[in-house]
Amino acid sequence: MMKKPKEDIDLLTFPSAWNHLSFSSDPPPKILKIALFVKKWPHRSHAGGLERHALTLHLALAKRGHELHIFTTSSPNSSFARYPINNLNFHLSKPTAGGYLEQAIAWKQFQTQNSTGRPFDVIHTESVGLLHTRAKNLTNLAVTWHGIAYETIHSDIIQELLRTPEEQQANVLTERAMKVVEEVRFFPRYSHHVATSDHAGDVLKRIYMIPEERVHTILNGVDEEIFKPDLSQGNDFKEKFGISKSRSLILGMAGRLVKDKGHPLIFEALKQIFVENNKFQESVIVLVAGDGPWGARYRDLRANILVLGPLEQAQLARFYNAIDIFVNPTLRAQGLDHTLLEAMLTGTPVMATRLGSITGSVVVGPEMGYTFPPNVASLKKALYRVWNDGREVLEKKGKVARQRGLQLFTATKMAAAYERLFLCISKEEYCKYQNPFT
């Protein structure tokens, strides 16, 4: 009986994350002219997930030889970053009073570049860097969503449940529902949509009713050359901050130390555990990398909590190598947090809030980490479980976490997927992928 020939996959209707596919590392078949609209370009360690995504992805695309034109805001308080890459071009404008990209100026800059040499093959906007009013007629445009209002409703529910009696009740849930309706109306004006998590991709198709051939899931990726296992780096980091070898467990947290990142939640959980269990307090140390209002509160809590301040990427890699588990108590059900991916690539197991984007794409099973519902009792239970499991169990989970990280969350994987999407948008022949599964 003759074997049935393999059918090519139509990438535009591929239902899963493109990170699961393997794209060639050979030079691209076509050098693309790419426009990027992004509200802000990252400055050192002061960058959110959207800015870090923009930097990692578009530097990788420029290194692949593509011609990049980045339309973004100038930084009033510091000098703008410079890169020794000739095909990476920045077009700056003063931000609006609200810190956004001045649409009229950025659009004029774009039109000038679009009529210089050859027109853009593809236009990319990080969230609403380019507003829908200008994007609506651009068929070669892709928008990457780093948070949508429907996901945020989950965060609003959590915040309301965690609200103390002294805090005033907010009316955000009603407002947020109307925001979802508004987004459902204007999102279709963007031609192609990139979801950064499997959960967000599902929401865009089901709730926002965007046709499946216009929704593509590409999970975030981080630099695998920076974030990798290195025992000596971890030991040097511990020595630098005077961390005793007698400590049986080192917990780590990183990012902005603010309310919506879950710091009131974990602060209260740790505070209660330290009071009720002396052994836990004596054997555990907590390292906190980042800045924000909760930093001072952590410093006042106990001597075994070290607040390190914001760290550059290379220092962050050492930090992940020094800890036994990375804890992310975020209350924000948006996007895909880079810190979880960085920790996993360094071989560190993770513990995170049970949100759709996290359980759907990152911590998909107990073999690589822990998840918990966002309340103090559940978080305490998870912390005790980590403590009881100990280093040996955590090391095994860390190895599984790293394997998943290498499979899905590297910058190389992410950039290869975006490159293929952009090629596909520019020319239909690149939308076919040879199916290795049949």
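Throughout what follows, the structure given in this document is the object of discussion. This is a predicted model, so every value here is computed, not measured.

Bringing empty space enclosed by the protein into the picture now. Applying the stated criterion across every chain yields a total of 1 cavity of 30 Å³ or more. If you add up the space inside the largest cavity, you get close to 30 Å³. What lines the largest cavity is Arg-52, Thr-56, Val-222, Asp-223, Phe-227, Gln-313, His-338 and Glu-342. Elements represented by at least two residues in the lining of the largest cavity include exactly helix 1 (49-63) and helix 12 (338-345).

Turning our eyes to something else, we now look at the packing of aromatic side chains. A complete count under the given rule lists 28 aromatic pairs for this structure. Look at Phe-37 and Phe-71: their rings are 5.1 Å apart centre to centre, the planes differ by 20°, and that puts the pair in the stacked class. Within this pair, whereas Phe-37 is found in strand 2 (residues 33-37), its partner Phe-71 is found in strand 3 (residues 67-73), the two being separated by 34 residues in sequence. Side by side, Phe-37 and Phe-71 carry an identical accessibility label, which is buried. Ring geometry for Phe-267 and Trp-294: centres 5.4 Å apart, planes at 65°, overall edge-to-face.

This next bit is on the state of the cysteines. Scanning the entire structure with this criterion turns up 1 disulfide. Disulfide pairing places Cys-424 opposite Cys-431 at an S-S distance of 2.0 Å. Its S-S torsion of approximately 95° makes the covalent link between Cys-424 and Cys-431 right-handed. For the residue pair Cys-424 and Cys-431, the accessibility class agrees, reading buried in each case.

As a further point, take the packing of helix 1 against helix 15 (residues 411-426). With their axes 9 Å apart at the nearest point, helix 1 and helix 15 run at an angle of 70° to one another. In terms of orientation, helix 1 lies roughly perpendicular with respect to helix 15. The two elements helix 1 and helix 15 meet at a crossing, and its hand is right-handed. Across the interface between the two elements, His-53, Thr-56, Leu-57, Ala-60 and Leu-61 of helix 1 pack against Ala-411, Met-414, Ala-415, Tyr-418, Glu-419 and Phe-422 of helix 15. Looking at the contact of helix 1 with helix 15 residue by residue, the classes come out as 8 nonpolar, 2 polar and 1 charged.

In this section: the layout of surface pockets. Approximately 470 Å³ is the volume attributed to the second largest pocket. Around the second largest pocket, the lining is made up of 21 residues, and of these Leu-231, Asn-321, Ile-323, Gly-347 and Glu-395 lie nearest the centre. Contributing elements (two or more residues each) for the lining of the second largest pocket: helix 7 (231-240), helix 11 (313-322) and helix 14 (376-408). A per-element tally of the lining of the second largest pocket places helix 14 first, with 6 residues.

A word on the sheet that holds strand 12 (residues 325-328). Taken in spatial order, the 6 strands line up as 11-10-9-12-13-14 in an open sheet, and their pairing is parallel. The outermost strands of the open sheet, each flanked by one partner alone, are strand 11 (305-309) and strand 14 (369-372). Neighbouring strand axes in the sheet, compared pairwise and without regard to direction, differ in orientation by 20° on average. Both strand 13 (residues 350-353) and strand 14 contribute to a ladder of 4 bridges, which runs parallel. Along strand 14, the bridge assignment pairs Ala-352 with Thr-371. Lying over the sheet, helix 14 contacts strand 9 (249-254), strand 10 (284-289), strand 12, strand 13 and strand 14, oriented at roughly 170° with respect to strand 14.

On to the sheet that holds strand 2. The strand order across the open sheet formed by 7 strands is 4-3-2-5-6-7-8, and the pairing between neighbours is parallel. A strand with exactly one partner marks an edge of an open sheet, and here the two such strands are strand 4 (88-93) and strand 8 (215-217). On average, adjacent strands in this sheet sit at an angle of 20° to one another, irrespective of strand direction. Bridging between strand 5 (residues 122-126) and strand 6 (residues 141-145) involves 4 bridges; their strand directions are parallel. Paired with Ile-123 across the strands is Leu-141, a residue of strand 6.

Let us look at unusual backbone geometry. Even without glycine at this site, Ser-127 takes up a positive phi of about 50°. In this fold, Ser-127 is placed in the loop between strand 5 and helix 3 (132-135). The exposure class assigned to Ser-127 is buried, which follows from its relative accessible area of 12%. If you check the backbone angles, Met-209 has positive phi at about 55° while not being a glycine.

Residues spaced three or four apart along an α-helix point in a common direction, a consequence of the helix completing one turn every 3.6 residues. If you check which residues of helix 6 (residues 198-206) are buried, you get Ala-200, Gly-201, Val-203 and Leu-204. On an axial view of helix 6, the arc spanned by its buried residues comes to 160°, and they lie on one face. Residues of helix 6 that are buried sit in contact with strand 6, helix 4 (149-162), strand 7 (192-195) and strand 8.

Reading guide: rules and limits
- Residues numbered from 1 in each chain as written.
- Predicted model: local features only at pLDDT ≥ 70, side-chain atom pairs only at ≥ 80, totals over all residues.
- Heavy atoms only, no water.
- 1 Å grid on protein atoms, 1.4 Å probe; cavity = no way out; pocket = protein on both sides within 12 Å on 5 of 7 lines; lining within 4 Å.
- Points joined across faces, edges and corners; volume = space filled by probe spheres on them.
- Helix = DSSP H or I, 4+ residues; strand = E, 2+ residues; numbered from the N terminus.
- Phe/Tyr/Trp six-rings, centres within 6.5 Å; stacked < 30°, edge-to-face > 60°.
- Buried < 20%, exposed > 50% of the residue type's maximum accessible area, 1.4 Å probe, protein only.
- Disulfide = S-S within 2.5 Å.
- Axes fitted to C-alpha atoms, helices over the stretch in contact; angles between N-to-C directions.
- Parallel < 35°, antiparallel > 145°, perpendicular 65-115°, else oblique.
- Left-handed = near helix turned anticlockwise from the far one by under 90°.
- Contact = heavy atoms within 4.5 Å.
- Nonpolar A, V, L, I, M, F, W, Y, C, P; charged D, E, K, R; others polar.
- Pairing = 2+ DSSP bridges.
- Arc of directions from axis to C-beta.

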